[in-house]
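Structural description and commentary
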Amino acid sequence: MNSIPRSALILGLAGLIPFVWGAITVLHPPLADWTNHTIGPRFAGPYVMLFYGAIILAFMSGVLWGFATKLEGTQAATGYALSVIPALWAFFTTGGGPNSAGISLMAGFIGLLGLDWLFWRFGVAPDWWMQLRVLLTAIVLACLAVGVFA
């Protein structure tokens, strides 16, 4: 992880906090109760992971759109079209209840990792991009799995 810029690594890891918090509150019900009473139910259990996960997929669509701006011709058109998929995926697949939404988000993050790899192979993502994205995606998937299967 030495090649990942420190600020990108720190901010990327900080962006995992809602996922990790959600997983912890699933595994530790007293903490979920405290969160429900203190902050609100939207910030505990699978719900914080589901809301935040949809937001992150939309955010990552914007990141991919930025990568697409570095492409030209038909490759650019393909890049723009592919870059909107994560946001559309979150919008259309996360309304069917916590378990199905969690599974859909897991599929969305796996698909996003594939798109990350594609833009990285196109040479428009930084050299360190996949190292960071694999790390963050693995943690996100583990947390969402707790929300779905625990």
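Residues numbered from 1 in each chain as written. Predicted model: local features only at pLDDT ≥ 70, side-chain atom pairs only at ≥ 80, totals over all residues. Heavy atoms only, no water.

**Overview of the pattern of salt bridges**
A complete count under the given rule lists one salt bridge for this structure. Between Arg133 and Asp116 there is a salt bridge, with its nearest N and O atoms 2.7 Å apart. Residue Arg133 is found in helix H8 (residues 129-149), and its partner Asp116 is found in helix H7 (residues 98-121); the two are separated by 17 residues along the sequence. By relative accessible area, which is 6% here, Arg133 ends up buried. (Salt bridge = Lys/Arg side-chain N within 4 Å of Asp/Glu carboxyl O. Helix = DSSP H or I, 4+ residues; strand = E, 2+ residues; numbered from the N terminus. Buried < 20%, exposed > 50% of the residue type's maximum accessible area, 1.4 Å probe, protein only.)

**Description of the environment of Ile139**
Following the sequence through the fold, Ile139 ends up in helix H8. Sequence separation between Ile139 and Ala8 is 131 residues; the distance between their C-alpha atoms is 16 Å. Residues contacting Ile139, with those up to four places away along its chain left out, are Leu16 and Val20. (Contact = heavy atoms within 4.5 Å.)

**Here we look at the side chain of Ser104**
Position of Ser104 relative to the elements: it lies in helix H7. Discounting chain neighbours no more than four positions away, the residues touching Ser104 are Trp89 and Thr93.

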